[in-house]
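Okay, here's what each chain looks like letter by letter:
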Amino acid sequence: MAKEYKISSARLKQLEDELHYLKTTREKEVAEHLKEARSFGDLSENSEYDEAKNEQAKLYGRIAEVENILAHAVIIDDASEENSGRIGLGCVVTVLDLDVDETETYTIVGSQEANPMEGCISDDSPFGRAMVGKTEGDTVEVEAPVGMLKFKIVSVEKKA
């Protein structure tokens, strides 16, 4: 069974737009670059041609990756848990780190949207798995490489 990718409808649109760009504009650019590199002569010693072929391979790899994600995408349905107060995909969670007494805010997202530097944590990560299904006021333990971390959930909001 193929892996399912949980994504928001906004991310689905981004991926569809990217795929369209890759298959139209970018593919033509790479083909033109390849054609130009071929014109430089002997292909066995032509670094421009090698570079163009590598660029083409990367392009086709990305197209295949995006098509796979789109084929196995599961759109996050925000309405199902909207009023339950439970943490799920699309929730903005503020937690108090009980070890250092600091609060931090994270958004729980699908793996394709995860970006820890921007506070978007995957539901597949240890932190995300520990948070999903919990409610405001719960204390959660997360196993990390440095040991067990304890968090108290301060607030849970649905991302608008």
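Each value, and the rule that gives it
Residues numbered from 1 in each chain as written. Predicted model: local features only at pLDDT ≥ 70, side-chain atom pairs only at ≥ 80, totals over all residues. Heavy atoms only, no water. UniProt positions renumbered as here; feature names shortened; annotations may be inferred. Helix = DSSP H or I, 4+ residues; strand = E, 2+ residues; numbered from the N terminus. Contact = heavy atoms within 4.5 Å. Pairing = 2+ DSSP bridges. Axes fitted to C-alpha atoms, helices over the stretch in contact; angles between N-to-C directions. Phe/Tyr/Trp six-rings, centres within 6.5 Å; stacked < 30°, edge-to-face > 60°. Buried < 20%, exposed > 50% of the residue type's maximum accessible area, 1.4 Å probe, protein only. Salt bridge = Lys/Arg side-chain N within 4 Å of Asp/Glu carboxyl O.

As named in an unreviewed UniProt entry, the protein is Transcription elongation factor GreA, taken from Candidatus Avoscillospira avistercoris. Regarding the protein, the UniProt comment filed under Sequence similarities (unreviewed entry) reads as follows: "Belongs to the GreA/GreB family."

A. Representation of the side chain of Ser155 in the model. Looking at where Ser155 falls in the secondary structure, it is placed in strand E7 (residues 147-158). With residues up to four places along the chain from it excluded, the contact list for Ser155 reads Val92, Val93, Thr94 and Glu136.

B. How the structure looks around the UniProt feature "coiled-coil region" (unreviewed entry) in the protein. The feature "coiled-coil region" (unreviewed entry), as given by UniProt, occupies residues 12-69 in the numbering adopted here. Between the first and last C-alpha atoms of residues 12-69 the distance is 9 Å; the span itself is 86% helix and 0% strand.

C. Focus on the sheet that holds strand E6 (residues 139-144). Read from one edge to the other, the open sheet built from five strands follows the order E5-E4-E3-E7-E6, with strand pairing classed as mixed. Each edge of the open sheet is held by one strand with a lone partner, namely strand E5 (120-122) and E6. Neighbouring strand axes in the sheet, compared pairwise and without regard to direction, differ in orientation by 45 degrees on average. As paired elements, strand E4 (residues 102-109) and E5 share three bridges and run parallel to each other. Bridge pairing links Ile108 to Ile121 in E5.

D. View of the packing of aromatic side chains. The full count for this structure, using the stated rule, is two aromatic pairs. Ring geometry for Phe127 versus Phe151: centroids 5.3 Å apart, planes at 85 degrees, classification edge-to-face. With Phe127 in helix H3 (residues 126-131) and Phe151 in strand E7, this pair connects stretches of sequence that are 24 residues apart. With relative accessibility at 12%, the residue Phe127 sits in the buried group. Through pairs of rings, three or more aromatic residues link up here, namely Tyr106, Phe127 and Phe151.

E. Structural view of the pairing of strand E3 (residues 91-97). Of all seven residues in E3, seven are buried, a share of seventy percent or more. Burial along E3 is two-sided: the residues Cys91, Val93, Val95 and Asp97 and Val92, Thr94 and Leu96 are all buried. Relative to E7, E3 runs antiparallel, the two being bridged by seven bridges. Within E7, the residue paired with Cys91 across the bridge is Lys158.

F. Looking closely at the pattern of salt bridges. Summed over the entire model, instances satisfying the criterion amount to nine salt bridges. A salt bridge links Lys23 to Glu67; its shortest N-O distance comes to 2.6 Å. With Lys23 in helix H1 (residues 9-38) and Glu67 in helix H2 (residues 47-71), this residue pair connects regions lying 44 residues apart in the sequence. Look at Lys23 and you get partly exposed, because its relative accessible area is 39%. Across the pair Glu141 and Lys150 runs a salt bridge whose closest N-O atoms are separated by 3.7 Å. Exposure remark for Glu141: the relative accessible area of 43% places this residue in the partly exposed category. Salt bridges linked by common partners bring Glu18, Arg62 and Glu65 together as one network.

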